[in-house]
Amino acid sequence: MKLDTLTSEKIKVFIEKGKASSKEICQIFLDQIEKSNFEIKALLHFDPNFAFQQAEHIDRMQAEGKPLPDLAGLPMVIKDNILIKGLRCTCGSKNLENFVAPYNATVIEKLEAAGAIFLGKANLDEYAMGSSTENSAYGPTVNPHQPDYVPGGSSGGSAAAVAANMSLAALGTDTGGSIRQPAAFCGVVGMKPTYSRVSRFGLVAFGSSLDQIGPLANNVRDVAKILKVISGKDPRDATSLDVEVPDYVAALGRPIKGLKIGLPRQYQRSGVSEIVQMRIDSGLKRFRDLGCEMIEVDLPHIDYAIATYYVIAMAEASSNLARYDGVRYGMRGTEEDDLTNMYLATRDAGFGEEVKRRIMLGTFVLSSGYYDAYYLKAQKVRTLIKQDFEEAFRKVDFLVSPTSPTPPFRLGEKTNDPLEMYLSDIFTIAANLVGIPGISVPCGSTTDGLPIGMQIMGTHFDEERVLNLAHAFEQSGEVS
Ligand code: GLN
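Throughout what follows, the structure given in this document is the object of discussion. The shown structure was predicted, so the numbers you read here are calculated from the model rather than taken from an experiment. (Residues numbered from 1 in each chain as written. Predicted model: local features only at pLDDT ≥ 70, side-chain atom pairs only at ≥ 80, totals over all residues. Heavy atoms only, no water.)

Things to note about the packing of helix H9 (residues 305–320) against helix H11 (residues 353–366)
Part 1: Look at H9 against H11: their axes get within 7 Å of each other, and the N-to-C directions meet at 100°. When the axis of H9 is compared with that of H11, the two are roughly perpendicular. Residues Tyr310, Val311, Met314, Ala315 and Ser318 of H9 form the contact with H11, whose own contacting residues are Arg358, Ile359, Leu361, Gly362, Thr363, Val365 and Leu366.
Part 2: Each residue belonging to the contact of H9 with H11 can be placed in one class, and the counts come to eight nonpolar, three polar and one charged. (Axes fitted to C-alpha atoms, helices over the stretch in contact; angles between N-to-C directions. Helix = DSSP H or I, 4+ residues; strand = E, 2+ residues; numbered from the N terminus. Parallel < 35°, antiparallel > 145°, perpendicular 65-115°, else oblique. Contact = heavy atoms within 4.5 Å. Nonpolar A, V, L, I, M, F, W, Y, C, P; charged D, E, K, R; others polar.)

Structural notes on the site of the ligand
Part 1: Taken together, 15 residues are adjacent to the ligand, and Thr175, Gly176, Ser178, Tyr309 and Arg358 come closest.
Part 2: Residue Arg358 places a side-chain N or O atom 2.8 Å away from an oxygen atom belonging to the ligand.
Part 3: For the ligand, a nitrogen atom lies 2.8 Å from a polar atom in the side chain of Asp425.
Part 4: When the free accessible area of the ligand is taken as 300 Å², the share hidden by the protein chains comes to 99%.
Part 5: Broken down by class, the residue content of the shell around the ligand amounts to five nonpolar, seven polar and three charged. (Near = heavy atom within 4 Å. Polar contact = N/O pair within 3.5 Å; in protein donor to acceptor, adjacent residues only side chain to side chain. Areas by Shrake-Rupley, 256 points an atom, 1.4 Å probe, with all protein chains shown as cover.)

Let's talk about helix H2 (residues 22–40)
Part 1: An ideal rise of 1.5 Å per residue puts 27 Å on 19 residues; H2 measures up with 25 Å between its terminal C-alpha atoms.
Part 2: The largest bend in H2 amounts to roughly 35° and is located at Glu34.
Part 3: Within H2 the residues assigned to the buried category are Ser22, Ile25, Cys26, Phe29, Leu30, Gln32, Ile33, Ser36, Asn37 and Ile40.
Part 4: If you follow the buried residues of H2, they end up packed against helix H1 (8–16), strand E1 (43–46), helix H3 (48–63), strand E2 (75–79), strand E3 (117–122) and helix H5 (156–163).
Part 5: Immediately downstream of H2, the backbone of Lys41 shows phi near 55°, a positive value. (Expected span 1.5 Å × (residues − 1). Bend = angle between axes of the 7 residues up to and from the residue. Buried < 20%, exposed > 50% of the residue type's maximum accessible area, 1.4 Å probe, protein only.)

A word on the sheet that holds strand E11 (residues 451–457)
To summarise the sheet geometry, strands pair through backbone hydrogen bonds and adopt either a parallel or an antiparallel arrangement.
Part 1: Taking strand neighbours across the sheet as the criterion, the 11 strands line up as E1-E3-E2-E4-E6-E5-E10-E11-E9-E7-E8 in an open arrangement whose pairing is mixed. Strands at the two margins of the open sheet, each flanked by one partner only, are E1 and strand E8 (293–297). With direction set aside, neighbouring strand axes in the sheet form an average angle of 30°.
Part 2: Judged from the five bridges that link them, strand E7 (residues 260–264) and E8 form a sheet pairing that is parallel. (Pairing = 2+ DSSP bridges.)

Description of the packing of aromatic side chains
Part 1: Across all of its chains, the model carries 13 aromatic pairs by this definition.
Part 2: Seen in terms of ring centroids, Tyr309 and Tyr310 are 4.7 Å apart; in terms of plane orientation they differ by 90°. Their pairing is edge-to-face. Each member of the pair, Tyr309 as well as Tyr310, carries the same accessibility label: buried.
Part 3: Feature note: the residues Tyr127, Tyr324 and Phe351 constitute an aromatic cluster, connected by ring pairs. (Phe/Tyr/Trp six-rings, centres within 6.5 Å; stacked < 30°, edge-to-face > 60°.)

Focus: unusual backbone geometry
Part 1: Note the cis peptide between Gly153 and Ser154, where omega equals 10°.
Part 2: Within the fold, Ser154 resides in the loop between E3 and H5.
Part 3: For Ser196, which is not glycine, the phi torsion reads 90° and is therefore positive.
Part 4: Inspection of the secondary structure puts Ser196 in the loop between strand E5 (189–192) and strand E6 (212–217).

A few points about the state of the cysteines
Any covalent bond linking the sulfur atoms of two cysteines counts as a disulfide.
Part 1: Throughout the structure, instances matching the rule amount to zero disulfides.
Part 2: Free cysteine Cys91: the closest other cysteine sulfur is in Cys89, separated by 4.4 Å.
Part 3: Look at Cys91 and you get buried, because its relative accessible area is 0%.
Part 4: Among the cysteines around Cys186, which has no disulfide bond, Cys443 carries the closest sulfur, lying 16 Å off.
Part 5: A relative accessible area of 1% means that Cys186 is categorised as buried. (Disulfide = S-S within 2.5 Å.)

Written out as structure tokens, the structure is:
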């Protein structure tokens, strides 16, 4: 079985035609995990018996002649901040080292009903805070293309698992780029849906006005299929919206001739590395050849996006992480007899450096006397950025940019300079501030074979057309 050309459709057909059982397919991927995870560290934990139980269920359905659901037998890994009942959910933190999820996230219930198999839980930056997966308390994941480079983050484990054929697809989460940037760095496809498209019930919260769950896979079609399954209103998540979910897969292959692609002028002076610019230019030429029209647009407030994002994301994180107090969740530092000391010891021992930095900065920007100057101001700038995007989408159908200004960087290259790390999110964070969908598709690689990604953003709930454009791009061949 050739793992790199396998798709969810092929797997279903294999099982239906009796060419392979779901359990056999599961075993192939578990072997791959056994072989590669020691080096790549994409998965924090995996449980073959748990996976086999799900696979046996699919095989029973097949034996009983029942129709198989859409994703039957699809091996997936799940970022370790999404709850799967009975499995540990560490969030890449020491704090939750022994936390076992008491229930399933809605996305897990939906994927299970669609026949997907969960092989294990993927590594991430602690509480999804980071861009390289180096902030995991359990050590970094490495880039499967070159092990001294980062896989991106925070869903680095999810992207690396797909790239290394340890899984055919994955779920990640994206608060400021954490699906798209690792997808770009690992050479796979990753999509952040519109805010409120996918239920976040059972996702451990980081920045509640920004977080979204989304799929990663080897190709756009599988991303579309998974997104279709996980989308939709969930009564258990008040922020999910009751908006019709189109058949994303059926929409693939529609003509793209005449569609208008917006190129933000301000993005053209954002310190993009030469090789990334070259590959994106070839990608844009591809769109031109396919009959799309290129139009320059302005996003006048975009220079404030990084500062705005980091004020809001840290404020929300400091509030969301208040619950890890050693009483309700997580580890308890020491058995102090004084309550305040117990809180202090717990939080000091449980959280890593980046998480602590964000809790402190987030608490500061929310505190009395500074709230108006920082948090409130950031919310106002967020509105201006939203208006910039609304204005741009009056003129064009999509906005296209590099996913990241540079190719993957070396492990350790940015760990001592948080600001440098934050700046690498320049192209991805706006989609979260504005709430719109964004996808990263492979767009060639460096001369050393490190992948480069192109980002396509669309307007709210326009995943259908974003996926179609990404699919047309993917089908038009390799970029070099
Ligand atoms: N790199 C960004 C951050 O560190 C985004 C993280 C994410 O999307 N979860 O906040």
